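An overview of the molecular structure
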Amino acid sequence: MVSTQQAKKEFESAKLYTSVHNIDLEEFYSSGHRTCQGCESALVMRDFVKASGPRTVVTGATGCMYVANTSYMTTPWVVPWMHTQLGAGGASAIGMAAGLRALMRKGKIKNEKINVINFSGDLGGGDMGLGGISGALQTDYDLLVIIYDNESAANTDIQATNLTPYGAQTTFSPTGPAKRIMHTKWKKNVAPMMAVGHPNCKYVATACATWPPMDYMNKVKKALDIGGPTLIHTLDPCPKGWDYHPRYSGELGQLAIKSGLFPLYEIIKGEVRYTYDARKQKRVPVREYLEKQGRFTHFIDEDYELFQTKVDEMWNDWEIPGVAPVKGILKLAQ
Amino acid sequence: MAATMKQTKVYDREELASGTDGVAQAVRLADVDVFAAYPIRPYTGVMDRLAKFIADGKFDAEYIIADGEHSQFEIGKHASSVGARAFVGSSGTGWLYAMEALATTATDRLPVVALVGNRALDDPGAFGVEHNDAMLVRDLGWLVVWVSTAQEALDTTLIAYRVAEDPTVLMPCAVAMDGGYLTHSEHIIRVPTKESVSKFLPRYNLGKRVMHPDNPVSIAPQINEDWCMEIRRQNWEAAKRAKEVIYKAYKEFNSVFGSNYTNPFFDEHMTSGAETIVIGMGTVSSAAKVAVNRLREKGEKVGFIKLRWFRPFPTEELRKALSRAKRVAVIDRDFAHGGPDDGGVLYNEVRSVLFDAKNKPKVVDFIAGLGGREISIEDVMEVVSITKKCKADERVHWVGLRERKTGGTHVRMKR
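What you are looking at is a predicted structure, and each value in this text was computed from that prediction instead of being measured. (Residues numbered from 1 in each chain as written. Chains lettered and ligands numbered in written order. Predicted model: local features only at pLDDT ≥ 70, side-chain atom pairs only at ≥ 80, totals over all residues.)

Here's the deal with the overall build of chain B
- Summing up its helical and strand segments, chain B has 13 helices and 17 strands in all.
- Structurally, chain B occupies a C-alpha span of about 65 × 55 × 40 Å along its principal axes.
- Residue pairs at least 24 apart in sequence account for 77% of intrachain contacts in chain B once pairs closer than 6 positions are excluded. (Helix = DSSP H or I, 4+ residues; strand = E, 2+ residues; numbered from the N terminus. Contact = placed C-beta atoms within 7 Å.)

Below you can see the structure in the form of structure tokens.
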């Protein structure tokens, strides 16, 4: 176990952005993609590679950020980018990190720090590729996996994943007279699951690309600076999948955080810090967030109440709200 | 022993080695940069051996114990994409668990070398050899080669890297060997020196497609209907070029190591003047050669061809070699369910090769040794005898099957 001081030192060592004015102007994810208006996942792409800079290699698992981003001969990627299979995000990062380490050790290429980053969606990273990402977090390689979560398989026409919130309408979970709520699963809590189970993992964070400003980019910087296998889980409002006007993307991200539905935190060597502490703020009712999205228009009062109860339970009863549900889902037997 | 060389020593030593040991030695000698392991019988021995090399400080590579075959093969693929020489391997259903990675490694044209310790596909569980696992990549853009001795396993793994990484080829290569019969049986092999191997095998260079910050490329974006056909065609052109490269590589191999591979694609045993030619892949060659010797002693005009390279398939060469005979007996250690005439995979490849031949021999198929059942010398002698006397429509025979099948063309053979 690392001491608090040591963890704090490492936490503070990354050169972080303190103002939007000192964010680099150079783009490494530029024009050429075909993402939707208001696409927050595209911002997740643009910002991570801005924070990591040009000495970076990237793999993108199959998903909307593959299909919508990279059409042949119009790539937006200024850094080397390669497609990897839907469930291969973690393995692709291991492969690149291991290859680069071996080549550098043997003197076959110049010894330097090259950031190895994979991004996988909620379907690829949170469901199919979970085992592979777990494998990656068990290694001692310097690699970062970003799970960009727009809460559906947004490339294949908005199908439910295990990270789709309770009750949301998708093409796999429509609403109808016989079944008002088709998707009855509560969102899988990926980031803490990975943090708890992987002793080698040096840094886990949740983030939202737009809010609070610079928070996500700084988390990328910290992850890369701390090194070792690291994971960031982002919540990306998706106009097409969530059914709202593209102008509200930023607002919805904020509401998800301010309502306490999506807790923002980082875990550095076992220590959890909230980067937006919903315990100390007055939480916005979850209904305000849900009502603005077409995917929840079939909700009735009891659905909103269920959501609110779950969120309240998380913040009031969990051992570490959002992270460790010891008093929420898990309880010690009497 | 060693030393048929002029300046540098070609062979280090002799040692007792299994088929998987032979591959492990080649991986060490090829200075592989990354290898990823996941356990499944019977290929695993190669990874056990490599892990021990690492532990003993005899081999410098990144060694990853993967979380499954899919990850294992993706690790190999992406290591190869940054310019690292990569090795992976599997068997049976493990090989199939990696199938998505296998397909994309080929379409990404990344020269990973993989060992397939051939194993029957579950269910029910069977550890023994069956060639269906490796054959499943036959249409995907992999080079596939079968080996039948531990020495050949070592040699062929080095040749596999040489061919796969050739700048005009850049395709992955599967080295297949019979589970049990070769993965676990030992004989004396000659282990080459590192110096001689480096003479034969140049450094891996992926060139313009390497993933490195100095070379900002985008690999495998969406092509859809715009470019898919052209890219498929490019892959096929590479496979075509691979054939010439294979010839060249064996020639160079012979000259560096003093080996004697005459025809890279297949070995011919007593085919001169043979009226019946038996053809098969892998360790069946031992029994087949002895059977042919015995029959020759009795004055029968019989020969045997051991096919080595299955992809690219030596179409012209085989057509020439087989069309000299009156009859061809194909030994299939595989089965193609519902395929033409309900025969095996190799049978239909061979028949297709002979379709355009001027002299068309009768081709008879023998499904044999599935799930690791032994194919004995007597079995092969029986194969020849049936081939000679069976009717033209008795095309497919199951060797040593316990129950008689009624109807169709399946005829029981006595064991």
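Moving on from the coordinates now.
Overview of the overall build of chain A
- A tally of regular secondary structure across chain A gives 12 helices and 8 strands.
- The C-alpha radius of gyration computed for chain A amounts to 19 Å, which stays within 12% of the reference 20 Å derived for 334 residues, consistent with globular compactness.
- Overall size of chain A, expressed as C-alpha extent along the three principal axes, is 65 × 50 × 40 Å.
- Going through the 334 residues of chain A one by one, you find that 52% of them count as buried. (Rg over C-alpha atoms; globule rule 2.2 N^0.38 Å. Buried ≥ 20, exposed ≤ 12 C-beta atoms within 10 Å, placed from the backbone.)

Focus on the interface of chain B and chain A
- At the interface, 38 residues of chain B touch 40 residues of chain A.
- Secondary structure elements with two or more residues in the side of chain B that touches chain A: strand 3 (62-65), helix 3 (69-81), helix 5 (99-107), strand 9 (218-219) and helix 9 (224-257) of chain B.
- Examining the composition of the side of chain B that touches chain A, we find that 9 residues originate from one element, helix 3 of chain B, more than from any other.
- For the side of chain B that touches chain A, the class distribution of residues is 18 nonpolar, 12 polar and 8 charged.
- Bridge count between strand 2 (residues 81-84) of chain A and strand 9 of chain B: 2 bridges; the pairing is parallel. Each bridged residue has a counterpart across the sheet, and for Met82(A) the counterpart in strand 9 of chain B is Ile219(B). (Nonpolar A, V, L, I, M, F, W, Y, C, P; charged D, E, K, R; others polar. Pairing = 2+ DSSP bridges.)

Topic: the domain arrangement of chain B
Residues and elements named next belong to chain B.
- Here the domain parsing of chain B yields domain 1 (11-257) and domain 2 (266-412).
- The C-alpha centroid of domain 2 is placed 28 Å from the C-alpha centroid of domain 1.
- Contact residues are listed per partner, giving 26 residues for domain 1 and 20 residues for domain 2.
- Where the side of domain 1 that touches domain 2 is concerned, the elements lending two or more residues are helix 6 (132-135), strand 6 (143-147), strand 7 (173-178) and helix 9. (Domains from an automatic or database assignment.)

Things to note about unusual backbone geometry
- Of note, the bond from Trp211(A) into Pro212(A) is cis; its omega dihedral lies within 30 degrees of zero at -10°.
- Note that Pro212(A) resides in the loop between strand 5 (203-207) and helix 8 (215-226).
- Here Arg41(B) and Pro42(B) are connected by a cis peptide whose omega angle stands at -5°.
- Following the sequence through the fold, Pro42(B) ends up in the loop between strand 2 (34-37) and helix 2 (45-55).
- A positive phi is found at Asp243(A), a non-glycine position, where the angle reads about 65°.
- Backbone geometry places Arg109(B), a non-glycine residue, at a positive phi of 55°.
- Tracing the backbone shows Arg109(B) in the loop between helix 5 and strand 5 (113-118).
- Under the C-beta neighbour-count criterion, Arg109(B) is labelled buried, with 21 such atoms within 10 Å.

A closer look at the confidence of the model for chain B
- Per-chain confidence: chain B averages 95 in pLDDT, with 95% of residues scoring 70 or above.
- Reported confidences for the modelled complex are a pTM of 0.95 and an ipTM of 0.94. (pLDDT = per-residue confidence, 0-100.)

Remarks on the sheet that holds strand 5 of chain B
- With mixed pairing, 7 strands are arranged side by side in an open sheet as 3-2-4-5-7-6-13 (chain B). Of all strands in the sheet, those bounded by a partner on one side alone are strand 3 and strand 13 (309-311) of chain B. Between one strand and the next, the sheet's axes are offset by a mean angle of 20°, whatever the strand orientation.
- Lying on the sheet, helix 4 (residues 89-105) of chain A is in contact with strand 2 and strand 3 of chain B; it crosses strand 3 of chain B at an angle near 155°. (Axes fitted to C-alpha atoms, helices over the stretch in contact; angles between N-to-C directions.)

Looking at the packing of helix 7 (residues 150-164) of chain B against helix 9 of chain B
Residue and element names in this part refer to chain B.
- It is the contact of helix 7 with helix 9, at a shortest axis distance of 10 Å, that shows an interaxial angle of 130°. Relative to helix 9, helix 7 is oriented oblique. With respect to the hand of their crossing, helix 7 and helix 9 are arranged in right-handed fashion. Each of Asp155, Ile159, Arg162 and Val163 in helix 7 lies in contact with helix 9, whose residues at this interface are Ala242, Val245, Ile246, Ala249, Tyr250 and Phe253. (Parallel < 35°, antiparallel > 145°, perpendicular 65-115°, else oblique. Left-handed = near helix turned anticlockwise from the far one by under 90°.)

Quick notes on the sheet that holds strand 1 (residues 56-61) of chain A
- Pairing within the open sheet is mixed, and its 9 strands lie in the order 8(A)-7(A)-5(A)-6(A)-4(A)-3(A)-1(A)-2(A)-9(B). Two strands lie at the open edges of the sheet, namely strand 8 (271-276) of chain A together with strand 9 of chain B, each paired on one side alone.

Observations regarding helix 12 (residues 345-354) of chain B
- Those residues of helix 12 of chain B that fall on the buried side of the exposure criterion are Val345(B), Leu346(B), Tyr347(B), Glu349(B), Val350(B) and Val353(B).
- Buried residues along helix 12 of chain B sit in contact with helix 6, strand 11 (276-280), helix 11 (315-322), strand 14 (327-332) and strand 15 (362-367) of chain B.

Some thoughts on the nonpolar core
- Counting residues in hydrophobic clusters, the biggest one holds 232 residues, and the most contacted among them are Phe35(B), Val145(B), Val163(B), Cys173(B), Ala174(B) and Val175(B).
- Structurally, this core is a two-domain feature, drawing no fewer than three residues from each of domain 1 (11-257) and domain 2 (266-412) of chain B. (Core = buried A, V, L, I, M, F, W, Y, C linked by C-beta atoms within 7 Å.)

Looking at helix 7 of chain B
- Compared with an ideal rise of 1.5 Å per residue, which puts 15 residues at 21 Å, helix 7 of chain B spans 21 Å between its outermost C-alpha atoms and is within 8% of the ideal.
- Along helix 7 of chain B, 14 of the 15 residues are buried, which leaves the element largely enclosed by surrounding structure. (Expected span 1.5 Å × (residues − 1).)

Considerations on the environment of Glu14(B)
- Mapped onto the elements, Glu14(B) comes out in strand 1 (residues 11-18).
- Put simply, Glu14(B) and Leu136(B) are 122 residues apart on the chain and 35 Å apart in space, counted from C-alpha to C-alpha.

Remarks on the pairing of strand 1 of chain A
All names here are of chain A.
- With 6 of 6 residues buried, strand 1 lies mostly within the body of the structure.
- Where burial is concerned, the two faces of strand 1 agree: the one with Thr56, Val58 and Gly60 and the one with Val57, Thr59 and Ala61 are both buried.
- Looking at chain direction, strand 1 and strand 3 (residues 115-121) are connected through 5 bridges and run parallel. Paired with Val57 across the two strands is Val116, which belongs to strand 3.
- In this structure, strand 1 lies alongside strand 2, joined through 4 bridges in parallel fashion. The residue of strand 2 that forms the bridge with Thr59 is Met82.

Some remarks on the packing of helix 10 (residues 284-297) of chain B against helix 13 (residues 377-389) of chain B
Residue and element names in this part refer to chain B.
- Remark: helix 10 packs on helix 13, axes separated minimally by 8 Å, with the N-to-C direction vectors making an angle of 60°. Between helix 10 and helix 13, the interaxial angle falls into the category oblique. Crossing geometry of helix 10 relative to helix 13 is assigned as right-handed. Two secondary-structure elements touch here, helix 10 through Ala287, Ala288, Val290, Ala291, Arg294 and Leu295 and helix 13 through Ile377, Val380, Met381 and Val384.

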